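What the coordinates show
These are the residues of each chain, in order.
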Protein chains: 4
Amino acid sequence: MAQDNSRPSLATDAVLKQSEPVPEDFVEVTGVDYSKDSAYNMRATDLINSMKTMGFQASSVGTACDIINEMSQWRGEHIDTIPEHEKTGEFDSLGHQKATIFLGFTSNLISSGIRDTLRYLVQHKKVSAIVASAGGIEEDLIKVLAPTYLGEFSLPGKSLRDKGLNRIGNLLVPNDNYCKFEDWIVPILNKILEEQQAAAEKLGAEALNADSDAVWTPSRFIDRLGQEINDELSVLYWAHKNKIPVFCPAITDGSIGDMLFFHTYKASPQRLRLDIVSDIRKINAMSIAAFKAGMIILGGGLIKHHICNACLMRNGADWAVYINTGQEFDGSDAGARPDEAISWGKIKADAKCVKVYADVTVVWPLIVAATFAATRPE
Amino acid sequence: MAQDNSRPSLATDAVLKQSEPVPEDFVEVTGVDYSKDSAYNMRATDLINSMKTMGFQASSVGTACDIINEMSQWRGEHIDTIPEHEKTGEFDSLGHQKATIFLGFTSNLISSGIRDTLRYLVQHKKVSAIVASAGGIEEDLIKVLAPTYLGEFSLPGKSLRDKGLNRIGNLLVPNDNYCKFEDWIVPILNKILEEQQAAAEKLGAEALNADSDAVWTPSRFIDRLGQEINDELSVLYWAHKNKIPVFCPAITDGSIGDMLFFHTYKASPQRLRLDIVSDIRKINAMSIAAFKAGMIILGGGLIKHHICNACLMRNGADWAVYINTGQEFDGSDAGARPDEAISWGKIKADAKCVKVYADVTVVWPLIVAATFAATRPE
Amino acid sequence: MAQDNSRPSLATDAVLKQSEPVPEDFVEVTGVDYSKDSAYNMRATDLINSMKTMGFQASSVGTACDIINEMSQWRGEHIDTIPEHEKTGEFDSLGHQKATIFLGFTSNLISSGIRDTLRYLVQHKKVSAIVASAGGIEEDLIKVLAPTYLGEFSLPGKSLRDKGLNRIGNLLVPNDNYCKFEDWIVPILNKILEEQQAAAEKLGAEALNADSDAVWTPSRFIDRLGQEINDELSVLYWAHKNKIPVFCPAITDGSIGDMLFFHTYKASPQRLRLDIVSDIRKINAMSIAAFKAGMIILGGGLIKHHICNACLMRNGADWAVYINTGQEFDGSDAGARPDEAISWGKIKADAKCVKVYADVTVVWPLIVAATFAATRPE
Amino acid sequence: MAQDNSRPSLATDAVLKQSEPVPEDFVEVTGVDYSKDSAYNMRATDLINSMKTMGFQASSVGTACDIINEMSQWRGEHIDTIPEHEKTGEFDSLGHQKATIFLGFTSNLISSGIRDTLRYLVQHKKVSAIVASAGGIEEDLIKVLAPTYLGEFSLPGKSLRDKGLNRIGNLLVPNDNYCKFEDWIVPILNKILEEQQAAAEKLGAEALNADSDAVWTPSRFIDRLGQEINDELSVLYWAHKNKIPVFCPAITDGSIGDMLFFHTYKASPQRLRLDIVSDIRKINAMSIAAFKAGMIILGGGLIKHHICNACLMRNGADWAVYINTGQEFDGSDAGARPDEAISWGKIKADAKCVKVYADVTVVWPLIVAATFAATRPE
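Residues numbered from 1 in each chain as written. Chains lettered and ligands numbered in written order. Predicted model: local features only at pLDDT ≥ 70, side-chain atom pairs only at ≥ 80, totals over all residues. Heavy atoms only, no water.

So the rule is basically this: UniProt positions are given in the numbering used here, feature names are shortened, and annotations may be inferred rather than shown by experiment.
Per an unreviewed UniProt entry, chain A is named Deoxyhypusine synthase, and its organism is Metschnikowia aff. pulcherrima. Under Catalytic activity (unreviewed entry), UniProt gives the following word-for-word description of chain A: "[eIF5A protein]-L-lysine + spermidine = [eIF5A protein]-deoxyhypusine + propane-1,3-diamine". As its UniProt record puts it under Function (unreviewed entry), chain A is described as follows: "Catalyzes the NAD-dependent oxidative cleavage of spermidine and the subsequent transfer of the butylamine moiety of spermidine to the epsilon-amino group of a specific lysine residue of the eIF-5A precursor protein to form the intermediate deoxyhypusine residue."

1. Describing the interface of chain D and chain C
Defined as follows: We call two residues contacting when some pair of their heavy atoms lies within 4.5 Å. Once two parts are joined, some of their accessible surface, as seen by a 1.4 Å probe, is lost; buried area is that loss totalled over both. We define a salt bridge as a contact between a side-chain nitrogen of Lys or Arg and a carboxyl oxygen of Asp or Glu at a distance within 4 Å. N or O atoms within 3.5 Å of each other form a polar contact, as long as, within protein, one can give a hydrogen and the other can take it, and as long as residues adjacent in sequence are counted only when both atoms are side-chain atoms. Segments assigned H or I by DSSP are reported as helices when at least four residues long, segments assigned E as strands when at least two residues long, and all are numbered from the N terminus.
The interface of chain D with chain C comprises 77 residues on the first partner and 77 residues on the second. Taken together, both faces of the contact between chain D and chain C bury some 7100 Å²; the carbon and sulfur share is 54%. Counting across the chain D and chain C interface gives 4 salt bridges. Here Asp-275 of chain D ties to Arg-273 of chain C by a salt bridge, and the two come within 2.9 Å at their closest N and O atoms. Our count for the chain D to chain C interface comes out at 46 residue pairs in polar contact (both at pLDDT 80 or more). Among the elements of the structure, helix H7 (157-163), strand S7 (165-168), helix H8 (176-203), helix H11 (255-267), helix H12 (277-289), helix H13 (302-312) and helix H14 (338-344) of chain D are those that each provide at least two residues to the side of chain D that touches chain C.

2. Here's the deal with the relation of the copies chain D and chain C
Applicable threshold: Here the copies were fitted onto each other by least squares, based on C-alpha atoms from residues at pLDDT of at least 70 in both.
By a simple turn and slide, chain D fits onto chain C: the slide is 0.0 Å along the axis, the RMSD is 0.0 Å, and the turn is 180°. Taken together, the turn and the small shift mark the pair as related by a two-fold rotation axis. When C-alpha positions in chain D are compared against the rotation axis, the closest is assigned to Asp-275 of chain D, at 2.2 Å. The residues that chain D uses at the interface reappear at the interface of chain C in 100% of cases, marking a shared surface.

3. What about the interface of chain C and chain A?
For clarity, the threshold we go by: For this classification, Asp, Glu, Lys and Arg are treated as charged, while Ala, Val, Leu, Ile, Met, Phe, Trp, Tyr, Cys and Pro are nonpolar and the rest, including Gly, are polar.
Contacts between the two partners involve 95 residues from chain C, matched on the other side by 95 residues from chain A. For the pair chain C and chain A, the summed buried surface comes to about 8200 Å²; carbon and sulfur atoms form 61% of the total. Our count for the chain C to chain A interface comes out at 2 salt bridges. Between Asp-37 of chain A and Arg-376 of chain C there is a salt bridge, and its shortest N-O distance comes to 2.2 Å. Seen at the junction of chain C and chain A, the total is 48 residue pairs in polar contact (both at pLDDT 80 or more). Looking at which element gives the most residues to the side of chain C that touches chain A, the answer is helix H15 (residues 360-370) of chain C, with 7 residues. When the residues that make up the side of chain C that touches chain A are grouped by side-chain class, the tally is 48 nonpolar, 28 polar and 19 charged.

4. Brief notes about the relation of the copies chain C and chain A
Mapping chain C onto chain A is achieved by rotating through 180° and translating by 0.0 Å along the same axis, at an RMSD of 0.0 Å. Interface residue correspondence from chain C to chain A reaches 100%, placing this contact among same-surface, isologous pairings.

5. Remarks on the nonpolar core
To keep it simple, the criterion reads: Residue types Ala, Val, Leu, Ile, Met, Phe, Trp, Tyr and Cys, when buried and joined through side-chain atoms within 4.5 Å, form a set referred to as a nonpolar core. Working definition: with a 1.4 Å probe on protein chains only, accessible area under 20% of the residue-type maximum means buried, over 50% means exposed, and in between means partly exposed.
Of all hydrophobic cores here, the largest spans 497 residues; its most connected members are Trp-364 of chain A, Trp-364 of chain B, Trp-364 of chain C together with Trp-364 of chain D. Discounting residues that sit within four places of it in the chain, Trp-364 of chain C has contacts with Ile-68, Ile-114, Thr-117, Leu-118, Leu-121, Ile-296, Leu-298, Ile-323 and Phe-372 of chain C.

6. Observations concerning the sheet that holds strand S1 (residues 75-78) of chain D
Cut-off, in case you're wondering: Any two strands are treated as partners once DSSP identifies two or more bridges connecting them.
One open sheet accounts for 3 strands, arranged S1-S3-S2 (chain D); its pairing is antiparallel. The open sheet has two edge strands with one neighbour each: S1 and strand S2 (90-91) of chain D.

7. Quick word on the packing of aromatic side chains
Each aromatic ring pair is characterised by the separation of its centres together with the angle its planes make. Rules: When the centres of two rings from Phe, Tyr and Trp lie within 6.5 Å, Trp using its six-membered ring, the rings pair. Their planes under 30 degrees apart give stacked, over 60 give edge-to-face, and anything left gives tilted. Definition used: whenever NZ (Lys) or CZ (Arg) falls within 6 Å of the ring centre and also within 35 degrees of the ring normal, the charge is taken to sit over that ring.
A complete count under the given rule lists 44 aromatic pairs over all chains for this structure. Ring plane angle 20° and centroid distance 6.0 Å describe the contact between Phe-181 of chain A and Trp-184 of chain A, whose orientation is recorded as stacked. Here Trp-184 of chain A and Phe-181 of chain A lie together in helix H8 (residues 176-203), a separation of 3 residues that amounts to about one turn. Assessed through its relative accessible area of 0%, Phe-181 of chain A is described here as buried. On the numbers, 6.1 Å between centres and 65° between planes, the contact of Tyr-34 of chain D with Tyr-40 of chain D is edge-to-face. Using a relative accessible area of 7% as the deciding quantity, one classes Tyr-40 of chain D as buried. One aromatic cluster is present, formed by Tyr-34 and Tyr-40 of chain A together with Tyr-120 of chain C through successive ring pairs. Between Lys-346 of chain C and the ring centre of Trp-344 of chain C, over which it is positioned, the NZ or CZ distance is 4.3 Å.

8. A word on the packing of H8 of chain A against helix H9 (residues 218-229) of chain A
Residue and element names in this part refer to chain A. We count it as follows: Every axis corresponds to a line fitted to the C-alpha atoms, with the helix fit spanning only the stretch in contact, and the corresponding angles, defined between N-to-C directions, vary from 0 to 180 degrees. Any angle between 65 and 115 degrees counts as roughly perpendicular, while under 35 counts as roughly parallel, over 145 as roughly antiparallel, and the rest as oblique. Take the far helix as the reference: if the near one is turned anticlockwise from it by less than a right angle, the crossing is left-handed, and if turned clockwise, right-handed.
Running from N to C, H8 and H9 cross one another at 130°; their axes reach a closest spacing of 11 Å. In terms of orientation, H8 and H9 fall into the oblique class. Note on packing geometry: the crossing formed by H8 with H9 is right-handed. Across the interface between the two elements, Trp-184, Ile-185, Ile-188, Leu-189, Lys-191, Ile-192 and Glu-195 from H8 touch Phe-221, Arg-224, Leu-225, Glu-228 and Ile-229 from H9.

9. A closer look at the pairing of strand S8 (residues 171-174) of chain D
All names here are of chain D. Neither face of S8 is open: one carries Leu-171 and Val-173, the other Leu-172 and Pro-174, and all of them are buried. In the sheet, S7 pairs with S8 via 4 bridges, with the strands oriented antiparallel. The residue bridging Leu-165 from the neighbouring strand is Pro-174, located in S8.

10. A short note on the pairing of S7 of chain D
Side-chain alternation along S7 of chain D places Leu-165 and Arg-167 of chain D on one buried face and Asn-166 and Ile-168 of chain D on a second face that is also buried. In textbook terms, the turn of a hairpin is the stretch between consecutive antiparallel strands, and for S7 of chain D and S8 of chain D this stretch comprises 2 residues, one of which, Gly-169 of chain D, has a positive phi near 60°.

11. Quick notes on unusual backbone geometry
In the segment running from Ser-268 of chain A into Pro-269 of chain A, the intervening peptide bond is cis, with an omega of 5°. Mapped onto the secondary structure, Pro-269 of chain A falls in the loop between helix H11 (255-267) and helix H12 (277-289). Not every positive phi belongs to a glycine, and Lys-243 of chain A is a case in point at roughly 55°. Considering the arrangement of structural elements, one finds Lys-243 of chain A in the loop between helix H10 (235-241) and strand S9 (246-247). Take Lys-243 of chain A: its relative accessible area is 71%, and that puts it in the exposed class. Backbone geometry at Lys-125 of chain C places phi at a positive 55°, although glycine is not the residue there. Relative to the elements of secondary structure, Lys-125 of chain C occurs in the loop between helix H5 (114-123) and strand S5 (129-132).

12. Some words on helix H2 (residues 44-51) of chain D
Keep this limit in mind: In this context, the arc is that of the directions from the helix axis out to the C-beta atoms.
Looking only at H2 of chain D, the buried set comprises Ala-44, Leu-47, Ile-48, Ser-50 and Met-51 of chain D. Along the axis of H2 of chain D, the buried residues cluster in a sector spanning 160°; they form a single face.

13. Some remarks on the sheet that holds strand S11 (residues 317-324) of chain C
Residue and element names in this part refer to chain C. Read across the sheet, 6 strands follow the order S9-S5-S4-S10-S11-S12 without closing on themselves; strand pairing throughout is parallel. In the strand order of this sheet, the two ends are held by strand S9 (246-247) and strand S12 (347-357), each with one partner. As defined by bridge partners, S11 adjoins S12 across 7 bridges and the pair is classed as parallel. By the bridge assignment for S12, Trp-319 is matched with Lys-352. Its contacts with the sheet place helix H3 (residues 56-73) against strand S4 (100-105), strand S10 (293-298), S11 and S12, and it is angled at close to 135° to S12. Sheet strands touched by H15: S10, S11 and S12. Its angle to S11, the strand with the most contacts, is close to 130°.

Now the structure itself:
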């Protein structure tokens, strides 16, 4: 090579290329300052403050906290200052407009200890509506009847089945829990069927109309279940109590579906019905009515898309926090970044939004401790 | 250290530990044999044969092909030799029992070019039932009306929204496609509402009963859409034609939901209804009726759980192939291995099952080319 | 179907299969108890205690803390009670045997704010040896010279290159930092070459022998860099100060390599040499000498394998904590679970070990706050 | 709500937003055309052609093939037309400039059946230089001595260790293989040490100089191992034969390291040395000398960064294909997209580059069959 005895200029130019001056608003990467007393056995807010400038997902967790605080604390006009027909969304206790917050979570989170944190949010009216997968409904109810246990990801399926232990990741649910659930839910299904039939008889040709009591929706069905379970540890109990609708369009996809399936034999020729059209009307109308809308979506799949799609009805959410482990490379909605939702009008182009790439269980308790539960509710 | 001038015995023992003789049935890892002519511009079956002994996911792809071939080719008793009340499942054209195959796929696969492969399977009756997410229904229909395009994962959402281009991973769907879809579907919705209302009026108090035409299910609704689209490139067209039911409990979770939502305003006070209870009855009954059941699940979320749950009704599928990118560490059902389903009784303990960890688009065309499409259908 | 008017028995048996009684030592899944004051703006130890019983990766994080506490707090015999030739490992200040802890981390963690946490561990002698990738060495030094900044994952590469801003995930490093680094390191390289040459001349034919000063290893080279940087924010400064060896067999794979490359032209015909054989001797000897060995491995690739391989020399580590985002399905060592290392004798079969599936930045600050930094060091 | 009896305009505008006309160069998403005979038991090139327009990773696989074909087929000036001092890179047999192709792979790929494909590339001089991790060197040699076997990801580590079976993902390597490896390599290490010592004695004070034979590098060491193994199934054999350098800066990180470690005891006070500075000189000089440079990087970690870093020396590679399962969210180099390398000058801003998100084993045999092995070499 020509440059054999001197530094090769091609390489030198590439390696030692000079950079433009860094803009003044650039933020330096820093971490925990261990000179401070608060760095020891850290509190959630201190930890989050340090994480914000760490980079990678630590920064995303910090951003998620900022966004959650902002959507929770946003206040608009006072109710007295706005025209009647615009009084569509939510107001705080002092009469100021507040944001409508959609919370989505997958079934596994209710199976895990995250359930208590979700229940806390619903109990204290931190969210406005919930979208859950079917297991996210039934496991909440079943946990009132019997516990779920810690296990291992590697426990072999055959021996678990022999023992009647159902595995969910590193959790175990004894199959007896589902037997107890059947005992609990069948009388309720009977009662609901009765009510539907009575309404149908009364309404006649109008039984299928918009305001009919003859055909229930999943959200109405879930509300009843929350009322019936009547236990303060239940997410659905508080959702019922606080009138927070819980949407689950595919409520049949799990143990409740099994029970409804069995019930079709028992009830024949009558049949309990659950209509999903009226629920899409309901969630979309909430989105349109909202003054501002925030999305907090824990996990992927249906629950993620369903909230995003509802927010398309208002031309985009104003804030969005995704937490999941999905990746975008396979084109799945589960793995799509918030920026994909912006292309669809599901999140506003100028919305504050973030995706945290993490198992929800490792970040959500911390995030809640630094935001919704930074101080004890009165 | 004591061993300073000799080889340290602790390390030697650990590093050079002797192994037991390898069992005779152990299979050696090998790859493509490039001494053969078939190693060049390889055919699918040759490639798969080589991959089987490569290890990692190549072996899983090979196993998936074996399982698919086995579930497709399984034949049981002749129809004439079994009692009438046991003639519940499927028979081949010669009258032999065959397996019921449940195919599940997520929306993104219909958006991608995989749609043609899925359509091929349905057209040639390679599968018995389909479970799809909402987008998996509507995108099949929309593609008949207007094309989807290639894009980039990194295209910025804001400028895409400005142009009305919706991004799905590295695909782009012009928003006009959804406008065309509205034009197409609204008259159909009107017609279905009419039919439901007519049936309701006729049935009166029995409008909600099991065999009523007044309340449709998503699968019946989808069958109608397949009939109406009437295009040989459509998966749903062939599903309708070949009487392959398509289940989609959350059919409202997408563009069809948007249209149904708009329709509730237009139709008021009447309302089109879609009941999901009768569909859970239908899919579960298929599972119970099957002589043998195979699952082919492409992607995660609802569609994966729904097929597994249906197979619980028969105490487990006999074969299972999962292909997805989900991971088990977050306890999601999407990421759960087949062995987790065994613990629930959703897959039989002795079933042949495999999970291929891959974006479906990189393996499914190859797998189909080496199995369902190894030879041209007559 | 035969069962048309009664509940299908096949499904009933499968769904309502009874389970064996749950063993008494099963642990119930629970979450944060929001009735307690400690649930608000939670402290690290309270958060970790709650996470232990949440399941999924929250439980793994809890287990990681338990393991770290155990390896840190393990104490064996007093130095006075053991024979001279067995006094090979580490002792605490009171003379009791303690565990040798190997800490591994990848380059990106030094680029991130995690550097401060790693420095804290080294400063307070919480670990015994370090294995890092090349960037993990140089970025620690460069950060003393100039800062790294927060950026975005989606910033386009071309415009960044035009500005001379190098991207590391969502971090940005101005290229000038590397120019400053060159100014700093070249005189040191000159000095080291001089010292090697002087030793070589003195030793003659024995220049390559085991105890020669003529050929340095990466760990010796790094120790000198730590001495020269002389800054209390530097990990390497404290490693030098506290005589904690830092292993980096591929030290040439990064900016230091660039500088060494340029130096070969400048120094010709002389050449600075870095021998990796003596370093493998050094790390393996540490492993053999240790009374007990713990592994804390943050990230994957070389640094993970290198610590595991060293622990094979002692027939397995006694404790192991992996934190990374790798998956096992591709057969990579990066994604391998601890159980794979057990098959190799790199972790003892009865060792306590865990893998946390997470970006290190979201869990490590919390883990440290609940373990090594639960209380302020005296 | 005001819009209660008409379609809500906010939603309508958002859902039915019109799109700009699609540019003419947009490519429609399509899949396999099953009307063609070539759609059955497909050939690699037909499959790849179909995959290009499928979207998601199928498109990325198609792009990878295009890039590989382009880098392989690129030809520049004839050797007779360029000045002497510019004749630095590679020429084809007819005397035209060709690209220098760097191939990187991780250890697990050599353990898998991919080894045969890698060997094919080296045997037929399809690549110019290799960067491998330590296991990528030793497993190639060990496979000549004894086979690796198929296993399962879920085999428990303890019972494997008891049997002396080492697990690599779903592969098993009997520990005896490593004993055989020791028998094979120790005489070679003895011989190399002898040669180093003889050179050192001869050179005296110049033993460490640039052109010295007294200190070998990993690449020289590996070349000798390739020569000694002398088996046509070995990658290293062909690398030696075809003078394709194999770089492995951390060659000590594995079984060879174990053997070198043991050898330090045996050889004491002499010591075999492996210097990594001269190898960084060698690989970087190749990059600078290349007329054009292509990168094919299978897997992540060191091998990925090392090739990228070498290409920084020429201000960026001209083509780049990454295939791995890493994700960018944790800021790891393993997961970094090509666009991150562009910010560093490691890939040219206008280079054709792609990352395929997949386990190498599911795509690489197909990619090679459609590119390097589309036709049989003469």
